[in-house]
Amino acid sequence: MFFLTILLFSYLQMSHQIQKTTANGKEMLSNPRLMSVQRTLNVVMNENVSLSCHADSGSPPVTYTLFKHNQKVSTLNRPDLTPALFNLTINSASDVGEYKCKAENKVSGGWKYSNSLNFTLVEPISKPVLSSPTSQAKKGQNVTLSCLSENGSLPITYIFFKGKQNISPPVKMHKREAAVIFLYISSSSDFGTYKCRAENSFRNNTKYSNSFNFTLAEEKSHSQPLIISLGLILLLFIIGFALAIPFFIIPSYKAKKFKSTRSSTGLTSPVNAEDAESYVIYTEIAEKAACATVYSTVFIGD
């Protein structure tokens, strides 16, 4: 049984070698591997990139051809099994399409295609802006902070800080919207300096926001409403007193003056005072009559 197992293993190895070679003794090419030399598929506009195409096995020389969207871009010949390097410049969005390479040698029917690669065009983020609907707060109040980068490829990850300590887990935004956190102002230490940080897939592109500080809102005095109420009451009293002068105080004063005039002229008949105007009119008539009597007395005396 052990002997049969060894024979089977040897047969499989020989079959594999036969498949890799042709009748003239040349080795068939393996499928080439296409990869980015920069180890990333994220690129920016006007960036220079390099693609490596390499077949691990096969009889040299090997011819490598690079394709973009099934259209030939460039061809390189290698006398040995060293990788072929294709240098590219990303000039437009169309340069980030699908890339493949083909390896071939002179063995009959000996060409193979590689895997495909797709570049992603990324844009560096702009400096984020940290803001809040209110800049004043008091203890026991809930507040919000918003962080937004207007430019940059999505998704963008935001982190909030107070001082140098982060106060939130990373918030990844897949839309051009601000990341928002909610804070509770519990003590005076919560009025410190806040910042946020934004980053995306662009290499070495981390930006910090402006600083933001909450200020303590002034507490309103409880005596202020009382003072306002007392002021309104005093104002109403003054207005009421001013309105009462022509209707009550002046008629009463004239009535008292009329009574004193009657007493001085000897008129003792009772007066029926129905309203203030009767007192005024009667007083004027009495005064004129008294003056006429005086004039008559003086004339007779002569």
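Residues numbered from 1 in each chain as written. Predicted model: local features only at pLDDT ≥ 70, side-chain atom pairs only at ≥ 80, totals over all residues. Heavy atoms only, no water.

Engineer: How should I be thinking about the sheet that holds strand 11 (residues 129-131) in this particular structure?
Structural biologist: Think of a sheet as strands paired side by side through backbone hydrogen bonds, with each pair either parallel or antiparallel. Spatially, 11-13-17 is the arrangement adopted by the three strands of the open sheet, whose pairing is antiparallel. Pairing within the sheet leaves two strands with one partner each, and these edge strands are strand 11 and strand 17 (179-185). Ignoring strand direction, the axes of neighbouring strands in this sheet form an average angle of 20°. Here seven bridges tie strand 13 (residues 141-148) to strand 17, and the two strands are oriented antiparallel to one another. Bridge pairing in strand 17 places N142 opposite Y184. (Pairing = 2+ DSSP bridges. Helix = DSSP H or I, 4+ residues; strand = E, 2+ residues; numbered from the N terminus. Axes fitted to C-alpha atoms, helices over the stretch in contact; angles between N-to-C directions.)

Engineer: Any chance you could explain the confidence of the model for the protein here in plain terms?
Structural biologist: With 71% of its residues at a pLDDT of 70 or more, the protein has an overall mean of 79. Here residues 14-21 scores under 50 on pLDDT; set against residues more than four positions off or in separate chains, the count is eight contacts. Scored below 50 in pLDDT, residues 268-302 makes 16 contacts in the model with residues more than four places away or belonging to other chains. (pLDDT = per-residue confidence, 0-100. Contact = heavy atoms within 4.5 Å.)

Engineer: How do you make sense of the sheet that holds strand 3 (residues 48-54) when you look at a structure like this?
Structural biologist: Taken in spatial order, the three strands line up as 1-3-6 in an open sheet, and their pairing is antiparallel. Looking at which strands have only one partner, the edges of the open sheet turn out to be strand 1 (33-36) and strand 6 (84-89). Averaged over all pairs of adjacent strands, the angle between strand axes in this sheet comes to 25°, irrespective of strand direction. Of the pairings in the sheet, the one linking strand 1 to strand 3 comprises four bridges and is antiparallel in character. For S36, the partnering residue across the bridge sits in strand 3 and is L51.

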